[in-house]
Amino acid sequence: MSKVIVVTSGKGGVGKTTTSASFAAGLASRGHRTVVIDFDIGLRNLDLVMGCERRVVYDFVNVINEEASLKQALIRDKVDNNLYILPASQTRDKDALTQDKVGKVIGELRENFDYIVCDSPAGIEKGALMALFFADEALVVTNPEISSVRDSDRILGMLAAKSLRAIEGEEPIKEHLVVTRYSPERVNMGEMLSLDDICELLGIDLVGVIPESEEVLQASNSGIPVIRNEQSKSGQAYQDMVARFLGEEVPMRFLEVEKKGFLSRIFGA
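Residues numbered from 1 in each chain as written. Predicted model: local features only at pLDDT ≥ 70, side-chain atom pairs only at ≥ 80, totals over all residues. Heavy atoms only, no water.

For the protein, the helix and strand inventory stands at 13 helices and eight strands. A compact globule built from 269 residues would reach a C-alpha radius of gyration of about 18 Å, and the protein, at 18 Å, matches this within 12%. In terms of overall dimensions, the protein has C-alpha extents of about 65 × 40 × 35 Å along its principal axes. Burial status across the protein gives 51% buried among its 269 residues. Here the contacts in the protein between residues at least 6 apart in sequence split such that 74% fall between residues at least 24 apart. Taking the average location of the 31 positive side-chain charges in the protein and that of its 41 negative ones, the two points are 4 Å from each other. (Helix = DSSP H or I, 4+ residues; strand = E, 2+ residues; numbered from the N terminus. Rg over C-alpha atoms; globule rule 2.2 N^0.38 Å. Buried < 20%, exposed > 50% of the residue type's maximum accessible area, 1.4 Å probe, protein only. Contact = heavy atoms within 4.5 Å. Lys, Arg positive; Asp, Glu negative; His and termini not counted. Charge placed at Lys NZ, Arg CZ, Asp CG, Glu CD.)

The next point concerns the pairing of strand S7 (residues 174–182). Where strand S6 (residues 137–142) lies against S7, six bridges are found, and the strand directions are parallel. Bridging from a neighbouring strand, alanine 138 pairs with glutamate 175 of S7. (Pairing = 2+ DSSP bridges.)

To continue, consider helix H7 (residues 146–161). Given 3.6 residues per helical turn, the α-helix brings residues three or four places apart onto the same face. The terminal C-alpha atoms of H7 lie 23 Å apart, and with 16 residues this matches the ideal 22 Å at 1.5 Å per residue to within 8%. Every buried residue of H7 is accounted for by Ser148, Val149, Ser152, Ile155, Leu156, Met158 and Leu159. Projected down its long axis, H7 carries its buried residues within an arc of 165°, all on one side. Exposed residues lying more than 90 degrees from the buried face of H7 are Ile146, Arg150, Arg154 and Ala160. (Expected span 1.5 Å × (residues − 1). Arc of directions from axis to C-beta.)

Spelled out as structure tokens, the structure:
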């Protein structure tokens, strides 16, 4: 049975699109047919992060308006045949999205994919509400700062009240917490919230901690999901996150300040 996963946060700039791209790529690499949808109508970025911006011919809104078929709009990933992208439109607005039309597209995707990942836009307006409406599970992405955590708490309320599952009285959306841009050094200096603080404030299960790293920006600029950089801490952390989401027991990494070796302390390397 297929699952719809929304990647959401409320606050912009926390790493939703980066997480959506790496999460979808991670699921696909494990043999699951996966599609990731960009719900940020008018401000699409997912195609850039996934390196397929030059291959966009039709988009999500074209499919909704029956100007193109789903098969015409879906872009297959260059690296993994299990992974597809449904890009957003840059020229339309979010009023093009309606529950009936989005539901029809989601229903068609359910017939062909194991996982449907919905990359939500920032905020709590129509695009974000539409991205979470059909969700079975949610990745709630937050940075270790109070404003980001507060916005994520607001989103948790919306997941509990505004989704189709909530409206129809079904089992609630299963929520998973992803903490991005985590720096143990800054946490120790009191510049960031600790994981314990974040988990206590939000009260949902932690599925991933992604360390603060320039490698994330480099990967995005290169059009490659950072999860495919197996040498980077961020890539490894996303791999761990996908494994935990799929039910594997994987210990959390990159939570402590690295101790420098003898030569590093002498030469400041």
